[in-house]
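Given next are the chains, with one letter for each unit.
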Protein chains: 2
Amino acid sequence: MTPDATLIEVGPRDGFQPIGPLIDTAIKIDYIRRLHDAGIRRVEATAFVSDRAVPQLSDAIKVLAAAKALPGLDVQVLVPSQRYCQKAIEAGAENIAFVLSASEKHNMNNVRRTPQDSVEEYRRLVADLPNETSLRLNLATAFDCPFDGSVAASEVVALLDQLVAIRPDAEIALCDTTGRATPGEVSALFAQVMARFTSGPSWVFHGHDTYGLGVANILAAFSVGVRNFDASFAGLGGCPFAPGATGNVATEDVVWTFDRMGVSTGIDLNRLLDVAEDGVCIPGASSGGRVRAALRGEACVPALSA
Amino acid sequence: MTPDATLIEVGPRDGFQPIGPLIDTAIKIDYIRRLHDAGIRRVEATAFVSDRAVPQLSDAIKVLAAAKALPGLDVQVLVPSQRYCQKAIEAGAENIAFVLSASEKHNMNNVRRTPQDSVEEYRRLVADLPNETSLRLNLATAFDCPFDGSVAASEVVALLDQLVAIRPDAEIALCDTTGRATPGEVSALFAQVMARFTSGPSWVFHGHDTYGLGVANILAAFSVGVRNFDASFAGLGGCPFAPGATGNVATEDVVWTFDRMGVSTGIDLNRLLDVAEDGVCIPGASSGGRVRAALRGEACVPALSA
């Protein structure tokens, strides 16, 4: 049965990436397996990026291969460039997520290019992409930039005019990178772009819970017809621009809320909570979310040590 | 200037009440003074209840007197019965909040009466109330009960039919005691009762952030015209039905969100954050909210001890 809303679990990439101590590859793979057991059918499993810049994801080839082996799991990997896209495809990636930022300063900071240079990079990436490869665009800072503040909808639309023309059927995620978008801004921007680009793209909202609006913004996107949402189990991820704050919206908070609303996600909350409870205890992890504490208590019980 | 939305700070009552170690009366009064300095103009300062049941609030007479001395501060106190209402009035209370629950089990648990017995108690309370005393009704479990689950809107409306007839101009707070109401439920119930009772009551939403929907539910109530919202600085309060979980929605999260939306509250976020940072450190306190960590970091720096 097709769920009413699809959650794309980004914990293994967005959640693990900022964790300092390296997580064993086998442990990462086990988390993905358990998330799949809980009903997750889309995952951002890893990223193909510079090992030096992101040592935590230097095992991308192994993680991707293991994730692909799970039945019915749609596995996407993040890439910042055409070069890393090729590496991902050589490693067997069938679903590529390319990231660029709407705001110039964030894009420079994130991938050391202007947004316009990223558009040209995207053009090259698409030109070389095998026909059977699925493509998704992650448009970061689509609402607000940590350096420049609010991003005008007109800038986002102007960028999308170019990007959609390059590959009309790519999925597009509008990302609230800072967590400072309000529900009204989220629903307004989605309503605008969904009315403008009717010829192909499906839409995703990627929100952060940094200021407590993670689920509120997902519901705002849902209210105008968005049906795909990124989320991270245990709210793993943190926020590089607000140390100590929480990051991605917690998958379990979204599942709980949709369950209450009668919106099916295909995900078993109890199984997901089991995974989230362990995720909180990953050494170095920054976690978030509310539902876990409400239903299971706050305790982080570390594994027994001899 | 009248603010676009009024926040009623309930931390000194709802937030302090479950804290075990007694907070010095002078410290409580200083918190109320600092909240007033930050722009708070309505506060639930304390409750008149059994000292044995709630020792933390046994200094109600002193706290009320000090709060009333602050210029322009509307001070309400909570009472569970006509008898405690009289005590509050003798102590100088000018704004009484009477609490009853829509669900039978919660009302029995909270005030040891059936909801219908509480309606009769309310009738007696109103009959004895001085003309100049303001009155507010806190209708707990208006959406969901910790013991019985979802509460039907029809039950709430039937109860309100009786309560509004007793005192048509009393302010009415619909309380999401468990935090399990969804935004759709909140906006639907308020829309229904605001259309039904047009002759007097002003409306308040009292929400909890236990499952992460605290601010989302406030925005849902705001969207249908509610303009008064309870909140607790630092998210103080916890949840008796979910140990380890957070309680009342944090005042600073609500102020931050309304600021982003251009909705004025008259409250200075930075001053409020100063108070909230200290509130987190009250020994025994259970805190919540997101904005404090996002803007100030998570650190709780305890007072120096000798």
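Residues numbered from 1 in each chain as written. Chains lettered and ligands numbered in written order. Predicted model: local features only at pLDDT ≥ 70, side-chain atom pairs only at ≥ 80, totals over all residues. Heavy atoms only, no water.

## Section: the state of the cysteines
- Considering all chains together, one arrives at 0 disulfides over all chains under this definition.
- Counting only cysteine sulfurs, B:Cys145 is the nearest neighbor of B:Cys175, a cysteine outside any disulfide, at a range of 13 Å. (Disulfide = S-S within 2.5 Å.)

## Remarks on the environment of A:Arg136
All names here are of chain A.
- Examined against the element boundaries, Arg136 turns out to sit in strand 5 (residues 134–140).
- Along the sequence, Arg136 and Phe98 sit 38 residues apart, while their C-alpha atoms lie 6.3 Å from each other.
- Each residue touching Arg136, except ones within four places of it in the same chain, is listed here: Ile8, Arg42, Gln76, Ile96, Ala97, Phe98, Glu171, Ala173, Val204 and Asp230. (Helix = DSSP H or I, 4+ residues; strand = E, 2+ residues; numbered from the N terminus. Contact = heavy atoms within 4.5 Å.)

## Observations concerning the pattern of salt bridges
- Taken as a whole and assessed by the stated rule, the structure comprises 46 salt bridges over all chains.
- A:Glu121 is the partner of A:Arg113 in a salt bridge, and the nearest nitrogen-oxygen pair spans 3.7 Å.
- Linking B:Glu44 and B:Arg13 is a salt bridge whose minimum nitrogen-to-oxygen distance equals 2.6 Å. Here B:Glu44, found in strand 2 (residues 42–47), pairs with B:Arg13, found in helix 1 (residues 11–15); they are 31 residues apart in sequence, far enough to count as distant.
- With relative accessibility at 1%, the residue B:Glu44 sits in the buried group.
- Salt bridges sharing partners connect three or more residues here, namely A:Arg42, A:Asp74, A:Arg136, A:Glu171 and A:Asp230. (Salt bridge = Lys/Arg side-chain N within 4 Å of Asp/Glu carboxyl O. Buried < 20%, exposed > 50% of the residue type's maximum accessible area, 1.4 Å probe, protein only.)

## Here we look at the sheet that holds strand 5 (residues 134–140) of chain B
All names here are of chain B.
- Taken in spatial order, the 8 strands line up as 1-2-3-4-5-8-9-10 and close into a barrel, and their pairing is parallel. With direction set aside, neighbouring strand axes in the sheet form an average angle of 25 degrees.
- Bridging between strand 4 (residues 95–101) and strand 5 involves 7 bridges; their strand directions are parallel. Its bridge partner being in strand 5, Ala97 is matched across the sheet by Arg136.
- Here helix 3 (residues 60–68) sits on the sheet and contacts strand 2 and strand 3 (74–79); the angle it forms with strand 2, its principal contact strand, is near 160 degrees. (Pairing = 2+ DSSP bridges. Axes fitted to C-alpha atoms, helices over the stretch in contact; angles between N-to-C directions.)

## Structural notes on the relation of the copies chain A and chain B
- Mapping chain A onto chain B leaves a residual RMSD of 0.0 Å; the transformation is a rotation of 180 degrees accompanied by 0.0 Å of translation along its axis. Put plainly, the chains are arranged around a two-fold axis. Of the C-alpha atoms belonging to chain A, the one lying closest to the rotation axis is found on A:Ala216, 2.4 Å away.
- Same-surface contact between copies: 100% of interface residues of chain A are shared with the interface of chain B. (Least-squares fit on C-alpha atoms with pLDDT ≥ 70 in both.)

## What about the pairing of strand 2 of chain B?
All names here are of chain B.
- Burial runs high along strand 2: 6 of the 6 residues are buried.
- One ladder, built from 2 bridges, connects strand 1 (residues 6–9) with strand 2; its direction is parallel. Within the sheet, the bridge partner assigned to Glu9 lies in strand 2 and is Val43.
- Bridge count for strand 2 against strand 3 is 5 bridges, and the pairing is parallel. Counterpart to Arg42 in the pairing with strand 3 is Asp74.
- With helix 3 bridging strand 2 and its parallel neighbour strand 3, the resulting β-α-β unit is right-handed. (Right-handed = clockwise from strand over helix to strand, strands pointing away.)

## Comments concerning the interface of chain A and chain B
- Tallying the contact residues gives 33 residues for chain A and 33 residues for chain B.
- Between chain A and chain B, the buried area comes to about 2,400 Å², and carbon and sulfur atoms account for 59% of it.
- Of all residues in chain A, A:Tyr211, A:Arg260 and A:Arg290 give up the largest surface area on contact with chain B, accounting jointly for 33% of the area buried on that side.
- B:Asp144 is the salt-bridge partner of A:Arg260, the closest N and O atoms lying 3.2 Å from each other.
- Summed over the shared surface of chain A and chain B, the number is 8 residue pairs in polar contact (both at pLDDT 80 or more). (Buried area = accessible area lost by both parts, 1.4 Å probe. Polar contact = N/O pair within 3.5 Å; in protein donor to acceptor, adjacent residues only side chain to side chain.)

## Points about the packing of aromatic side chains
- Evaluated as defined, the whole model comprises 24 aromatic pairs over all chains.
- Ring geometry for A:Phe16 against A:Tyr31: centres 6.0 Å apart, planes inclined by 65 degrees, an arrangement best described as edge-to-face. With A:Phe16 in the loop between helix 1 (11–15) and helix 2 (25–37) and A:Tyr31 in helix 2, this pair connects stretches of sequence that are 15 residues apart.
- On the basis of relative accessibility, which here comes to 8%, the residue A:Tyr31 falls in the buried class.
- Measuring from centroid to centroid gives 5.2 Å for B:Phe222 and B:Phe258, while their planes differ by 55 degrees, and the two rings are tilted. Of the two residues, B:Phe222 sits in helix 9 (residues 214–223) while B:Phe258 sits in helix 10 (residues 251–261), which places them 36 residues apart along the sequence.
- By the ring-pair criterion, three or more aromatic residues cluster together here, those being A:Phe143, A:Phe190, A:Phe197, A:Trp203 and A:Phe205.
- Over the ring of A:Tyr84 we find A:Arg83; its NZ or CZ atom is 4.8 Å from the centre of that ring. (Phe/Tyr/Trp six-rings, centres within 6.5 Å; stacked < 30°, edge-to-face > 60°. Lys NZ or Arg CZ within 6 Å of the ring centre and 35° of its normal.)

## Quick notes on the sheet that holds strand 2 (residues 42–47) of chain A
Residue and element names in this part refer to chain A.
- Read around the closed barrel, the 8 strands follow the order 1-2-3-4-5-8-9-10; overall the barrel is parallel. Each strand axis lies, on average, 25 degrees off the axis of its neighbour in the sheet, ignoring direction.
- Pairing of strand 9 (residues 203–206) with strand 10 (residues 228–231) involves 3 bridges; the strand directions are parallel. Paired with Val204 across the strands is Asn228, a residue of strand 10.
- Sheet contacts for helix 7 (residues 153–166): strand 4 (95–101), strand 5, strand 8 (171–175) and strand 9; angle to strand 5, the most-contacted strand, approximately 165 degrees.
- Along the sheet, helix 9 (residues 214–223) contacts strand 9 and strand 10; its crossing angle with strand 10, the most-contacted strand, is approximately 165 degrees.

## Side note on the confidence of the model for chain A
Residue and element names in this part refer to chain A.
- Taken over all residues, the pLDDT of chain A has a mean of 93, while the share at 70 or more is 97%.
- Contacts from residues 301–306, a stretch scored under 50 in pLDDT, to residues over four places away or in other chains number 1 contact.
- Both scores are given for the predicted complex: the pTM is 0.93, the ipTM 0.90. (pLDDT = per-residue confidence, 0-100.)

## Looking at the environment of A:Asp74
All names here are of chain A.
- In this structure, Asp74 sits in strand 3 (residues 74–79).
- Take Asp74: its relative accessible area is 30%, and that puts it in the partly exposed class.
- Expressed as a C-alpha distance, the spacing of Asp74 and Asp37, which sit 37 residues apart in the sequence, is 14 Å.
- At 2.9 Å, the side chain of Asp74 forms a polar contact with the side chain of Asn95.

## Thoughts on the side chain of B:Arg167
- Locating B:Arg167 in the fold gives a position in the loop between helix 7 (153–166) and strand 8 (171–175).
- With residues near it in sequence (within four places) discarded, B:Arg167 still touches B:Tyr122, B:Val126, B:Leu129, B:Thr133 and B:Leu135.

## With respect to the side chain of A:Thr265
Residue and element names in this part refer to chain A.
- Looking at the element boundaries, Thr265 is found in the loop between helix 10 (251–261) and helix 11 (269–280).
- Look at Thr265 and you get buried, because its relative accessible area is 7%.
- Here the side chain of Thr265 touches Ile267 through a polar contact of 3.2 Å, landing on its backbone nitrogen.
- Excluding anything up to four places from it in sequence, Thr265 contacts Pro3, Ala5, Leu7, Val255 and Phe258.

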